[in-house]
Protein chains: 2
Amino acid sequence: MDQLDLLRRLSIPGTSKMVLLVMDGLGGLPGPNGLTELEAAHTPHLDALAREGICGMSTPITPGITPGSGPGHLGLFGYDPLAYDIGRGVLEALGIDFALGSDDLAARGNFCTVDPATGFITDRRAGRIPTEVGARLVAKLRQISLPGVEVFVEPVKEYRFVLVLRGSGLADGLTETDPQQTGVPPLPVKALRPEAERTAELLNQWLAEARRLLADEYPANSLNLRGLAKVPPIPKMPDVFQMRCGAIATYPMYRGIARLVGMDVLPTGDTIEDEVATLRQHWDKYDFFFFHVKKTDSNGEDGNFEGKKAVIEHVDQIIPEIMALKPNVLMVTGDHSTPWALKSHSWHALPVLLWGDYVCPDGVQAFGERACMAGGLGHLRHLDLMPLLMAHAGRLTKYGA
Amino acid sequence: MDQLDLLRRLSIPGTSKMVLLVMDGLGGLPGPNGLTELEAAHTPHLDALAREGICGMSTPITPGITPGSGPGHLGLFGYDPLAYDIGRGVLEALGIDFALGSDDLAARGNFCTVDPATGFITDRRAGRIPTEVGARLVAKLRQISLPGVEVFVEPVKEYRFVLVLRGSGLADGLTETDPQQTGVPPLPVKALRPEAERTAELLNQWLAEARRLLADEYPANSLNLRGLAKVPPIPKMPDVFQMRCGAIATYPMYRGIARLVGMDVLPTGDTIEDEVATLRQHWDKYDFFFFHVKKTDSNGEDGNFEGKKAVIEHVDQIIPEIMALKPNVLMVTGDHSTPWALKSHSWHALPVLLWGDYVCPDGVQAFGERACMAGGLGHLRHLDLMPLLMAHAGRLTKYGA
């Protein structure tokens, strides 16, 4: 039996409140002093929760597999990330409130810089042009039309935009144009299956016209498309878990994935304090809150040990405000590891802390990688976390007589 | 490959003796002094076995899922509880030692009260009528005959009874009549698949006659049927494991589950001492013994911390008598947790102790939740336990060349 089917069968409504606090890219590796970002951080409130709760390590997908943001979060939400494959383009479109339909094909677009003489990429992010410049270029790209399909181009932030083609017969199974390195030209879109041939042709036609329009727009004189995908059919969390789900996230992609699984995305600001205020404001209206903190990951990606540590300490400071709302169950973890030493997402299992009614405290004294390796939850998969959260909140009935 | 297929392929006969000692609902939660029922219990013999053996934590099904008695035991016996679904009617019939056959369809029956004017349910348990009244009403219901099938009605306790139809062509895949609320009428039995249409008709005919016979029997003037099910086809332990299996249990339901998987149910008395005497008496005739202790669970269900602790201490006292029989392998665990604090089955992983030839002692000093969380077996699923028991008894040959 698929786990979502089992959970759909066992989930029951209730009045308990659950918070899933996700520090993006939480897991780390030892720094110069031998401690990880989380271990080095001064986190008296998280440590107190670890002492009262039960801890463990969680593997996002399977051991050794590094997840993207989509699979990392799908696992956290109880969806098998190997069964539900969500393209980056879809996430990006959902994240800017674009109303994607089932006939839509979405791509994440990146403006880039190419050498006008050779056509080789010199900067994959076009010098991180300001958002206003990106918006002006997007307006220019809206001139392009394609035969038989509607075309939408939407700005995101800095050098990023979304391209959506709408029409019957569009298919995914397409390669990306970004070669992921400089000194080489962008790649053409290729169909990975016969049904996608026409879609690939349309996209290459669009790319050619777009590059012509951008030719004089140095440094954003070219572009790439990534994560070309359609929306997969996916069960909705409120249906599966019989609960009202609210999502609080400052970054579009995480709002997008939350919306995809059926959560209500709650308007919030740019800071962690804004997110806490949003949580407080909507506390009575939801059973389950997904609370996403982005900058742990951003600092990990930058290789900034101290920066990541500081974000974790910032989160620690708002723990009392969350606890003041009296959640029945609080789970703290990340979607994946982003160790400063790797400057990227990684496969490492990461700490998870479960606090709430009916946990059996395990003697773990602090929230950190090494402490959690000996935790009473043992070594779990992300897929196991929602069932545990639901169980401790009294939201799962018995299986079998 | 299904695990049972693998075990069937690898199991070999031998002369070793195995005991699986199951304290029902063993796992607990901290009490007022911070220790769980098992931790608080004085268990010098179990602690000695823990020091000589190897310990761990076992999850009955998957994390967060609370098992009923059927799935909890199936997992212990090596059967995937998500693959073998035993209906409530079947368990109820097994629980009164009813000899269910493969042509039988069993249902749990509940007497209830309906408003004579509207037919709406006013009490789903008919005021919990005394067991004697239930037995008299069951005798009355035995008047009903149905075309082409044998009908059995058996009392259970208070307002509960078992209905069994016996005949070829009966099929499960049937809805229950209990709407699980008052103020509405009982539901008809509906077939969820075409093969079950005739069975549904027979059951509705029986229900109509039963309600006519009960019309004047206030408060038990109506009834409901739940968990309508047939015995699923299930491999037998002696075939899978190449061993003679004896079951010792004081409560009918556990004898029933043991019989279902092909164990010989050994006659015993009501006490743990009776069970030990039965074990001693049959020691030479079996390879594997399932030894079930019920009252840990009963006390957990009652929220009785001290009572559950006392039952565990009682079990500890009979350990020397079991060890005097010189088993090669002894495994001690439970089918699930029944923490006093929850007064019900729960999802919590629970301690498991493996003692015997060729274990690698892990340094665990006492048998308890927190000690076992750090045990050398790590965190297992119930499904993993029979293979470990068999392996340590020298009963599994190598997989592959």
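Summary of the structure given here. Each residue is numbered by its place in its chain's sequence as written, counting from 1. A letter from A marks each chain and a number from 1 marks each ligand, given out in the order of writing. Residue-level local features of this predicted model are given only where pLDDT is at least 70; pairs of side-chain atoms are given and counted only at 80 or more, and the full residue set underlies all totals for whole chains, interfaces and linings. Remark: hydrogens and water are excluded; side-chain values derive from all non-hydrogen atoms of the structure.

1. Description of the interface of chain A and chain B
What counts here: Note on contacts: a residue pair qualifies if any of its non-hydrogen atoms lie within 4.5 Å across the two residues. Once two parts are joined, some of their accessible surface, as seen by a 1.4 Å probe, is lost; buried area is that loss totalled over both. What makes a salt bridge here is a side-chain nitrogen of Lys or Arg within 4 Å of a carboxyl oxygen of Asp or Glu, nothing more. Pairing of N or O atoms within 3.5 Å defines a polar contact, subject to two protein rules: one partner must be a possible hydrogen donor and the other a possible acceptor, and residues neighboring in sequence count only if both atoms are side-chain atoms. Here the term charged refers only to Asp, Glu, Lys and Arg, the term nonpolar to Ala, Val, Leu, Ile, Met, Phe, Trp, Tyr, Cys and Pro, and the term polar to all other amino acids, Gly among them.
Between chain A and chain B, the contact holds 26 residues from the first and 29 residues from the second. Counting the surface lost from both chain A and chain B, the interface buries some 2100 Å², and carbon and sulfur atoms represent 67% of this. Per-residue buried area on chain A facing chain B is highest for Y358(A), Y399(A) and A401(A); these three make up 34% of the total on that side. At the junction of chain A with chain B, the criterion picks out 1 salt bridge. D85(B) serves as the salt-bridge partner of R9(A), at 3.7 Å between the closest nitrogen and oxygen. Taken together, the links from chain A to chain B amount to 8 residue pairs in polar contact (both at pLDDT 80 or more). Split into classes, the residues belonging to the side of chain A that touches chain B amount to 17 nonpolar, 5 polar and 4 charged.

2. A short note on helix α12 (residues 305–324) of chain A
Owing to its 3.6 residues per turn, the α-helix aligns residues three or four sequence positions apart on the same side. All names here are of chain A. Operational definition: Labels follow the DSSP assignment, with helices taken as runs of H or I lasting at least four residues and strands as runs of E lasting at least two, numbered in each case from the N terminus. Here a helix's expected span is defined as the number of its residues, less one, multiplied by 1.5 Å. Two axes enter the definition of the bend at a residue: one is fitted to the seven residues ending there, the other to the seven starting there, and the bend is the angle between them. Relative accessibility thresholds used throughout: buried, under 20% of the residue-type maximum; exposed, over 50%; partly exposed, between the two (1.4 Å probe, protein chains only).
With 20 residues, α12 should reach 28 Å at 1.5 Å per residue; the first-to-last C-alpha distance of 30 Å fits that figure. Helix geometry: α12 is bent most strongly at I318, by close to 35°, with proline P320 lying one to four residues after it. Every buried residue of α12 is accounted for by F305, G307, K308, K309, V311, I312, V315, D316, I318, I319, I322 and M323. Its side-chain oxygen at 3.4 Å from the backbone nitrogen of E306, N304 defines the N-terminal cap of α12. Directly after α12, the chain includes K326, whose backbone phi takes a positive value near 65°.

3. Notes on the sheet that holds strand β12 (residues 350–356) of chain B
Residue and element names in this part refer to chain B. Selection criterion: Two strands form a pair only when DSSP identifies at least two bridges running between them.
Taken together, 8 strands build an open sheet; the order of strands is β9-β8-β10-β1-β11-β12-β2-β13 and the sheet is mixed. Strands with a single pairing partner mark the edges of an open sheet, and in this sheet they are β9 (264–265) and β13 (378–381). The pairing of strand β8 (residues 245–248) with strand β10 (residues 288–293) spans 4 bridges and is parallel. Within β10, the residue paired with A247 across the bridge is F290.

4. Overview of the environment of A258(B)
All names here are of chain B. Counting through the fold element by element, A258 comes out in helix α9 (residues 252–260). Sequence spacing of A258 and G70 is 188 residues, and the spatial spacing of their C-alpha atoms is 10.0 Å. Residues within four places of A258 in sequence aside, it is in contact with A247, M263, V265 and F290.

5. Points about the environment of L383(B)
All names here are of chain B. Note on placement: L383 falls in the loop between β13 and α14 (385–392). For the pair formed by L383 and P351, sequence separation is 32 residues and the distance between their alpha carbons is 14 Å. Among all residues touching L383, those that are not within four sequence positions of it are Q3, G75, G78, Y79 and D80.

6. Here's the deal with unusual backbone geometry
The residue after Y218(A), namely P219(A), is reached through a cis peptide bond having omega 5°. Turning to its location among the elements, P219(A) is positioned in the loop between α7 (197–214) and β7 (222–229). Of note in this structure, R128(B) is not a glycine but carries a positive phi near 45°. Here the phi dihedral of K326(B) falls at roughly 60°; this positive angle occurs in a residue that is not glycine. Assignment of secondary structure puts K326(B) in the loop between α12 (305–324) and β11 (329–333). For K326(B), a relative accessible area of 66% corresponds to the exposed category.

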